[in-house]
Amino acid sequence: MIGIFETLNAWYCPQWFKGRVTIEGLEHIQTAQAAGKGVLLLGTHSTLLDAGGYLCAQYFEPDVVYRPQNNPLLDMLIYRCRATIYAHQIDHDDMRGLIRNLKEGHAIWYSPDQDFGLKQGVMAPFFGTPAATVTAHRRLLKISKAVPVPLYFYRTGDLKDPRYHVLIEPVVDNLPSEDEVADATRVNQIIERQLRIAPTQYMWFHRRFKTRPEGFEEIY
């Protein structure tokens, strides 16, 4: 419910965030773009998803990768609301558009934290448990020559006077490597480090451990 409230504020009452926001590490995006590089922002599906996008847009121009909603009316509503925040909204199936924008030097929010099965990923440890981990970002980085930059936004303080923080970490070196499992493990470790900051603000209902290795019991 807090996340819904913050999303609605980002869409319809953005002045709510005035004077409540700090950002750290903006120079990592600026340096990469100044060198003509696109930036793939590695983030997570937190309850601050749309509010975090609004916070970022106050400091740089982000694009976002999204999955269209099944309900056309809801999809239209969300798309129009997000259009006030994001420079470009890229359908997750539009790989050409995503690569084109990266080659043009855009900073694009991309979340590799969901379980799409092993057709689109590999098994890699996530908080000590094997989890299907997407590897599409490796191909995006190879083709576009963009750089991977971890991005996280979170809330602190009480509900009467919250504070919002945007954390941008340095470029991840040697990603992608020649080992996709090692790369998936590294990305999961980045996400683990982010989630430990504010674990209750992650969308755990996305069933991160839906795909189970042989010999493991179902947990959902």
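Residues numbered from 1 in each chain as written. Predicted model: local features only at pLDDT ≥ 70, side-chain atom pairs only at ≥ 80, totals over all residues. Heavy atoms only, no water.

Peer 1: Kindly report on the packing of helix 5 (residues 95–103) against helix 6 (residues 136–144), identifying the contributing residues and their values.
Peer 2: Orientation of helix 5 relative to helix 6, taken along the N-to-C sense of each, is 50°, at an axis distance of 9 Å. Relative to helix 6, the element helix 5 is oriented oblique. When the axes of helix 5 and helix 6 are compared, the crossing they make is right-handed. Between helix 5 and helix 6, the contacting residues are Met 95, Leu 98, Ile 99, Leu 102 and Lys 103 on the first element and Leu 140, Ile 143 and Ser 144 on the second. Of the residues contributing to the contact of helix 5 with helix 6, the split by class is six nonpolar, one polar and one charged. (Axes fitted to C-alpha atoms, helices over the stretch in contact; angles between N-to-C directions. Helix = DSSP H or I, 4+ residues; strand = E, 2+ residues; numbered from the N terminus. Parallel < 35°, antiparallel > 145°, perpendicular 65-115°, else oblique. Left-handed = near helix turned anticlockwise from the far one by under 90°. Contact = heavy atoms within 4.5 Å. Nonpolar A, V, L, I, M, F, W, Y, C, P; charged D, E, K, R; others polar.)

Peer 1: Describe the nonpolar core, listing the residues and the values that go with them.
Peer 2: Counting 30 residues, the largest nonpolar core has Val 39, Leu 41, Phe 60, Leu 151 and Ile 168 as the members making the most contacts within it. Of all elements in the fold, only helix 1 (2–12), helix 2 (26–34), strand 2 (39–42), helix 3 (49–57), helix 4 (72–82), strand 5 (107–110), strand 8 (147–156) and strand 9 (163–168) reach the threshold of two or more residues within this core. Residues within four places of Val 39 in sequence aside, it is in contact with Ile 29, Ala 32, Gln 33, Leu 102, His 106, Ala 107, Ile 108, Ala 146, Val 147 and Val 149. Counting 23 residues, the second largest nonpolar core, distinct from the first, contains Leu 98, Ala 136, Leu 140 and Ile 190. (Core = buried A, V, L, I, M, F, W, Y, C linked by side-chain atoms within 4.5 Å. Buried < 20%, exposed > 50% of the residue type's maximum accessible area, 1.4 Å probe, protein only.)

Peer 1: If you had to explain the packing of aromatic side chains to someone new, which residues and values would you point to?
Peer 2: Counted according to the given criterion, the structure contains ten aromatic pairs. Relative to Tyr 164, the ring of Phe 17 has its centre 5.1 Å away and its plane inclined at 70°; by these criteria the two rings are edge-to-face. With a gap of 147 residues between them, Phe 17 in the loop between helix 1 and strand 1 (21–24) and Tyr 164 in strand 9 connect regions that are remote in the sequence. Arranged with centres 6.3 Å apart and planes meeting at 50°, the rings of Phe 127 and Trp 204 form a pair that is tilted. One end of the pair, Phe 127, is in the loop between strand 6 (121–126) and strand 7 (129–134); the other, Trp 204, is in the segment after helix 7 (180–195), and 77 residues separate them in sequence. (Phe/Tyr/Trp six-rings, centres within 6.5 Å; stacked < 30°, edge-to-face > 60°.)

Peer 1: Provide a residue-level description of empty space enclosed by the protein, including the pertinent values.
Peer 2: Scanning the model with the defined rule gives two cavities of 30 Å³ or more in all. As a volume, the largest cavity reaches approximately 50 Å³. What lines the largest cavity is Tyr 66, Arg 67, Pro 68, Gln 69, Asp 75, Ile 78, Tyr 79, Arg 82 and Gln 89. Of all the elements, helix 4 adds the most residues to the lining of the largest cavity, at four residues. (1 Å grid on protein atoms, 1.4 Å probe; cavity = no way out; pocket = protein on both sides within 12 Å on 5 of 7 lines; lining within 4 Å. Points joined across faces, edges and corners; volume = space filled by probe spheres on them.)

Peer 1: Before we move on, can you summarise the confidence of the model for the chain with the specific residues and values?
Peer 2: Confidence along the chain averages 94 in pLDDT terms, with 100% of residues attaining 70 or more. No element of the chain has a lower mean pLDDT than helix 4, which averages 91, and none a higher one than helix 2, which averages 98. (pLDDT = per-residue confidence, 0-100.)

Peer 1: Now, about helix 7: what can you tell me, with residues and values included?
Peer 2: Here helix 7 contains 16 residues, and its C-alpha end-to-end distance of 22 Å stays within 8% of the 22 Å for a straight helix at 1.5 Å per residue. Of all the positions in helix 7, only Asp 183, Ala 184, Thr 185, Val 187, Asn 188, Ile 190, Ile 191, Glu 192, Gln 194 and Leu 195 are classed as buried. Among the structural elements, strand 2, strand 6, strand 7, helix 6 and strand 8 are those in contact with the buried residues of helix 7. (Expected span 1.5 Å × (residues − 1).)

Peer 1: An account of the environment of Gly 43 is requested, with residue identities and associated values reported.
Peer 2: For Gly 43, the location among the structural elements is in the loop between strand 2 and helix 3. On the accessibility criterion, Gly 43 (0% relative accessible area) is buried. Residues Gly 43 and Pro 150 lie 107 residues apart in sequence; the distance between their C-alpha atoms is 6.2 Å. Gly 43 has contacts with Trp 109, Tyr 110, Ser 111, Pro 112, Asp 113, Leu 151 and Gln 194, leaving out every residue within four places of it along the chain.

Peer 1: Account for helix 1, with residues named and values stated.
Peer 2: By the burial criterion, the buried members of helix 1 are Gly 3, Glu 6, Thr 7, Asn 9, Ala 10 and Trp 11. The elements touched by buried residues of helix 1 are helix 3, helix 4, strand 8 and strand 9.

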